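As a plain string of letters, each chain reads:
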Amino acid sequence: MKEEIKKILNEAKKYLQQQESLFGDEVTLPKSESESEGKIQQVNEKEYGVDPTWVNSKTLDELESKIKNCVKCPLGKTRTNFVFGVGNPKSEIVFIGEAPGAEEDLQGEPFVGRAGQLLNHLLASVGFRRDEVYICNVLKCRPPGNRDPQPSEIEACGPYLVKQLEIIKPKLIVSLGRFPAQMLLKTNATLSSLRGQVYEWRGIKMIITYHPAAVLRNQQWKRPLIEDLRKAREILYQK
Ligand code: SF4
């Protein structure tokens, strides 16, 4: 046993002498891959206007202040305002849409345009008040021309939504449209195949329904959306 230890120490000594002859006094140990990746990530986040400590945020205000200047994807350059989210930070229910539209981009608040007015109206019709729930989007910046979010944008922005949910810890998530559900459940399934079931994301229940903007384009989806909002209320208050 002693001999083995002696052998290991000799090998180590040889290695250090070799390093010293190559690098002088400054002996550098190889970093683990994840350690190096973490550093790169932090440097990149600073370059993108993001405080790298955002992941440790304890409150929504702290998170917002650390990421509000984000330009991690090209939408950061074309937005008028960063649209974080609105409502009760302790809400038991969170409504998630896909991205800000023109009016939301101008006002810096989600769901304030025509779709937002419809949502407020429908929420009230089933007994929810806008200020008692929390509302946000997958993307925090407006895609030009209200086009669909692109996978690379969802990948860049999605972690902020996850952090919001981690801070709020709601009991129920309502995905307005397919994008939030597809991102959180990691699926490409269509809205019609996702709708009508209760899912779970990290122990939080989730349902998927129509986006109010889709209802504005097609009134036949209004009734199913109201039914889903009623269902949300039932799930939330069931004993
Ligand atoms: S959409 Fe998200 S990732 Fe892209 S710039 Fe805006 S905040 Fe950053």
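Keep in mind that what you see is a predicted model, and the values were worked out from it rather than measured.

Brief notes about the overall build of the protein
Next, step 1: Along its length, the protein carries 11 helices and six strands.
Next, step 2: When the 239 residues of the protein are sorted by exposure, 43% land in the buried category.
Next, step 3: Considering only contacts within the protein whose residues lie at least 6 apart along the sequence, 68% involve residues at least 24 apart.
Next, step 4: Accessible surface, the protein as shown: approximately 13900 Å² in total, 50% of it carbon and sulfur.

As for empty space enclosed by the protein
In this approach, a probe sized like a water molecule rolls over the atoms, and the result shows the empty space that is left.
Next, step 1: Taken as a whole, this structure holds one cavity of 30 Å³ or more when the rule is applied.
Next, step 2: Together, 14 residues line the largest cavity, and Cys 70, Lys 72, Cys 73, Cys 141 and Cys 157 are the ones closest to its centre.
Next, step 3: Secondary-structure elements contributing two or more residues to the lining of the largest cavity are helix 4 (75-78) and helix 7 (151-168).
Next, step 4: Counting residues per element, the lining of the largest cavity draws most heavily on helix 7, at three residues.
Next, step 5: Here the lining of the largest cavity is composed, by residue class, of 10 nonpolar, one polar and three charged.

Brief notes about the packing of aromatic side chains
Next, step 1: If you walk through the whole model with that rule in mind, you get four aromatic pairs.
Next, step 2: For the ring pair Trp 54 and Tyr 160, a centre distance of 5.0 Å and an interplane angle of 80 degrees mean the geometry is edge-to-face. Of this pair, Trp 54 sits in the loop between helix 2 (33-47) and helix 3 (60-67) while Tyr 160 sits in helix 7, and the two are 106 residues apart along the sequence. Across the pair, Tyr 160 and Trp 54 agree in class, each one buried.
Next, step 3: Across from the ring centre of Phe 128, 4.9 Å away, lies the NZ or CZ of Arg 233, which sits over that ring.

A word on the sheet that holds strand 3 (residues 134-137)
Next, step 1: Across the sheet, which stays open at both edges, the six strands sit in the order 1-3-2-4-6-5 with mixed pairing between neighbours. Whereas interior strands pair on both sides, the edge strands pair on one side only; in this sheet they are strand 1 (86-87) and strand 5 (199-201).
Next, step 2: For strand 1 and strand 3, the ladder comprises two bridges, and the chain directions are antiparallel. The partner of Gly 87 across the bridge, within strand 3, is Tyr 134.
Next, step 3: In the packing of helix 11 (residues 222-237) onto the sheet, contacts are made with strand 2 (93-97), strand 4 (172-176) and strand 6 (204-209), and the angle to strand 6 comes to roughly 170 degrees.

A few points about unusual backbone geometry
A negative phi holds for most residues other than glycine; trans holds for most peptide bonds.
Next, step 1: Unusually for a residue other than glycine, Lys 169 sits at a positive phi of about 50 degrees.
Next, step 2: Unlike most non-glycine residues, Arg 202 shows phi in positive territory, near 50 degrees.
Next, step 3: Among the structural elements, Arg 202 can be located in the loop between strand 5 and strand 6.

Cut-off values and rules
Residues numbered from 1 in each chain as written. Predicted model: local features only at pLDDT ≥ 70, side-chain atom pairs only at ≥ 80, totals over all residues. Heavy atoms only, no water. Helix = DSSP H or I, 4+ residues; strand = E, 2+ residues; numbered from the N terminus. Buried < 20%, exposed > 50% of the residue type's maximum accessible area, 1.4 Å probe, protein only. Contact = heavy atoms within 4.5 Å. Areas by Shrake-Rupley, 256 points an atom, 1.4 Å probe, with all protein chains shown as cover. 1 Å grid on protein atoms, 1.4 Å probe; cavity = no way out; pocket = protein on both sides within 12 Å on 5 of 7 lines; lining within 4 Å. Points joined across faces, edges and corners; volume = space filled by probe spheres on them. Nonpolar A, V, L, I, M, F, W, Y, C, P; charged D, E, K, R; others polar. Phe/Tyr/Trp six-rings, centres within 6.5 Å; stacked < 30°, edge-to-face > 60°. Lys NZ or Arg CZ within 6 Å of the ring centre and 35° of its normal. Pairing = 2+ DSSP bridges. Axes fitted to C-alpha atoms, helices over the stretch in contact; angles between N-to-C directions.

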